[in-house]
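For reference, the chains in residue letters:
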Amino acid sequence: MAENEFNLEKYLTGGVENIVKSAIRATLKNPRESAFMARYALSSREASKRRAEWEAKGEHIPPFLIASITSACNLHCAGCYARENHTCSDETAYAQLSADEWDAIFREARDLGIGFILLAGGEPMMRRDILEKAAEIPEILFPVFTNGTMMTDSYIQLFDKARNLVPVFSIEGDEKKTDERRGSGIYKSLIRAMDKIRENHLIFGASVTVTTSNLNEVVSEDFLSVLQERGCKVVIYVEFVPVTDDSTELAPQDAEREFLRNKLAQMREQHPEMLFISFPGDEKSSGGCLAAGRGFFHINSHGGAEPCPFSPYSDINVRDTSLKEALHSRLFTALQDGDVLMEDHAGGCVLFERKDQVEKLLAIADLSPAL
């Protein structure tokens, strides 16, 4: 390997280890939380070792999995990619995977060496039965990406008991920005949920969709102080992916990305008590798009294995096959062999920008989008 060539596995493994180390430092005042994170650090190292063993056998296992455990959601957020892709609705349109089916997926993921499974939706807290299954697998950390409207006392008890479930609240900035996108009163609901978490000495994260409209605000000290004073330990910045042609001006471009990178470096130095993650960040420095099994892949609520949530195409369903076999799907293989993931793009999600190309790969391989 050339000296300046990017090592994807080292990058991802190091990222996982840094997240865990930062979480341990951040929770030293909470012995119960620190004890869990210390145990998880051991599990993370074991998962990394297992992935390395697979790699030696010529089998690449990504460390991350995104699981959309339901297609139902109780909100109608402006610009929601899931509703635009018809993968999210008020009611479940297709037969959803059962809690037992998800349990089998989680356990196979653990055995393969996958250490992080991001639970998304829809609204994942609408499927408590699945979250309870995840709680039984402490070797995996499950960030639960939620709109925060369902944080009842009963859920607080679950998060308190199962420290491997970490709520990650979606917030767009201040009250005006958040309510504009998510609905009137949602910001106050989020603040109440965060305060409940803090009162019960739990940790949580925040997820911010970064647009050209809110970029300056969501990296400001005022915004960070709102999160920090409530005990937020992780802030995940996700670049906006335009779901319609008339929303492309909201997607960050090179100038905004450079600004965000510089601000992140500054924030990490000034706020060592918090962890800041940017996705997809600078894909050029990370060797290209990490989807389709390079760094992660996505399973939708009815079992379709997809490159990522922003590219809802699938030719294989985990109801009919294993996770390991799904990683060798014809679509994933075609995307990687065709170097689509490595191509330059204007910003945001390369697979979204190249959706016509992805659809052509499906057609050439005589495939069709799977439900």
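Rules behind the numbers
- Here the residue index of a chain counts from 1 through its sequence in written order.
- Where totals are concerned, whole chains, interfaces and linings use all residues; where local detail is concerned, this predicted model gives features only for residues with pLDDT of at least 70, and gives and counts side-chain atom pairs only at 80 or more.
- Excluding hydrogens and water, the side-chain figures rest on all heavy atoms present in the structure.
- A helix here means a DSSP run of H or I that spans at least four residues, while a strand means a run of E at least two residues long, and both kinds are numbered starting from the N terminus.
- A 3.5 Å cut-off defines polar contacts: any pair of N or O atoms within that distance qualifies, except that in protein one atom must be a possible hydrogen donor and the other a possible acceptor, and neighbouring residues in sequence count only when both atoms are side-chain atoms.
- Axis lines are fitted through C-alpha atoms, for helices just across the contact stretch, and the angle between N-to-C directions can take any value from 0 to 180 degrees.
- Roughly parallel here means an angle under 35 degrees, roughly antiparallel means over 145, roughly perpendicular means 65 to 115, and every remaining angle is called oblique.
- Crossings are sorted by hand: turned counterclockwise from the far helix by less than a right angle, the near helix makes the crossing left-handed, and turned clockwise it makes it right-handed.
- The contact criterion used is simple: two residues touch if any of their non-hydrogen atoms lie within 4.5 Å.
- Classes in brief: Ala, Val, Leu, Ile, Met, Phe, Trp, Tyr, Cys and Pro nonpolar; Asp, Glu, Lys and Arg charged; the others, Gly included, polar.
- Only protein chains enter the accessibility calculation, which uses a 1.4 Å probe. A residue is then buried if its area is under 20% of the maximum for its type, exposed if over 50%, and partly exposed in between.
- Strand pairing requires that DSSP identify at least two bridges connecting the strands.
- Every helix has an expected span of 1.5 Å times one less than the residues it contains.
- Buried Ala, Val, Leu, Ile, Met, Phe, Trp, Tyr and Cys residues that are joined via side-chain atoms within 4.5 Å together make up what is termed a nonpolar core.

> Where do I start with the side chain of Asn147 in this structure?
Inspection of the secondary structure assignment puts Asn147 in the loop between β3 (142-146) and α6 (153-161). Within the local environment of Asn147, its side chain forms a polar contact with the side chain of Asn74, the two groups lying 2.9 Å apart.

> Please clarify how the packing of helix α5 (residues 128-135) against α6 should be interpreted in this entry.
The N-to-C vectors of α5 and α6 enclose an angle of 20 degrees; their axes lie 11 Å apart at closest approach. Taken together, the axes of α5 and α6 are roughly parallel relative to one another. Of the two elements, α5 crosses α6, and the hand of that crossing is left-handed. Between α5 and α6, the residues in contact are Arg128, Leu131, Glu132 and Ala135 and Ser154, Tyr155 and Leu158, respectively. Taken together, the residues that form the contact of α5 with α6 break down as four nonpolar, one polar and two charged.

> Would you mind showing me how to read the pairing of β3 here?
In regular strands, side chains alternate between the two faces of the sheet. With five of its five residues buried, β3 lies for the most part within the structure. By the alternation rule, side chains of β3 split into Phe142, Val144 and Thr146 and Pro143 and Phe145, which are all buried. Here β3 pairs with strand β4 (residues 165-170) via five bridges, running parallel. Directly across from Phe145, in β4, lies its bridge partner Val168.

> Just checking my understanding: could you explain helix α2 (residues 31-56) for this structure?
Because each turn of an α-helix spans 3.6 residues, side chains separated by three or four positions end up pointing in the same direction. The terminal C-alpha atoms of α2 lie 38 Å apart, and with 26 residues this matches the ideal 38 Å at 1.5 Å per residue to within 8%. Glu33, Ser34, Phe36, Met37, Tyr40, Ala41, Ser43, Ser44, Ala47, Ser48 and Arg51 are the residues of α2 that are buried. Looking one or two residues beyond α2, the residue adopting positive phi is Gly58, at roughly 85 degrees.

> In this structure, what is going on with the nonpolar core? I would like to understand it.
Where a protein is soluble and globular, its nonpolar side chains tend to be buried together. Membership of the largest hydrophobic core comes to 74 residues, with the highest contact counts inside it found for Phe106, Ile117, Leu119 and Tyr237. Examining the composition of this core, we find that seven residues originate from one element, helix α8 (residues 186-199), more than from any other. Sequence-distant contacts of Phe106, defined by excluding residues within four places in its chain, comprise Ile117, Leu119, Ile130, Ala134, Ile137, Ile140 and Phe142. Among the nonpolar cores identified, the runner-up in size contains 16 residues, and Tyr40, Ile203, Leu290 and Cys308 belong to it.

Interpretation note: all reported values are geometric properties and have no functional meaning in isolation.
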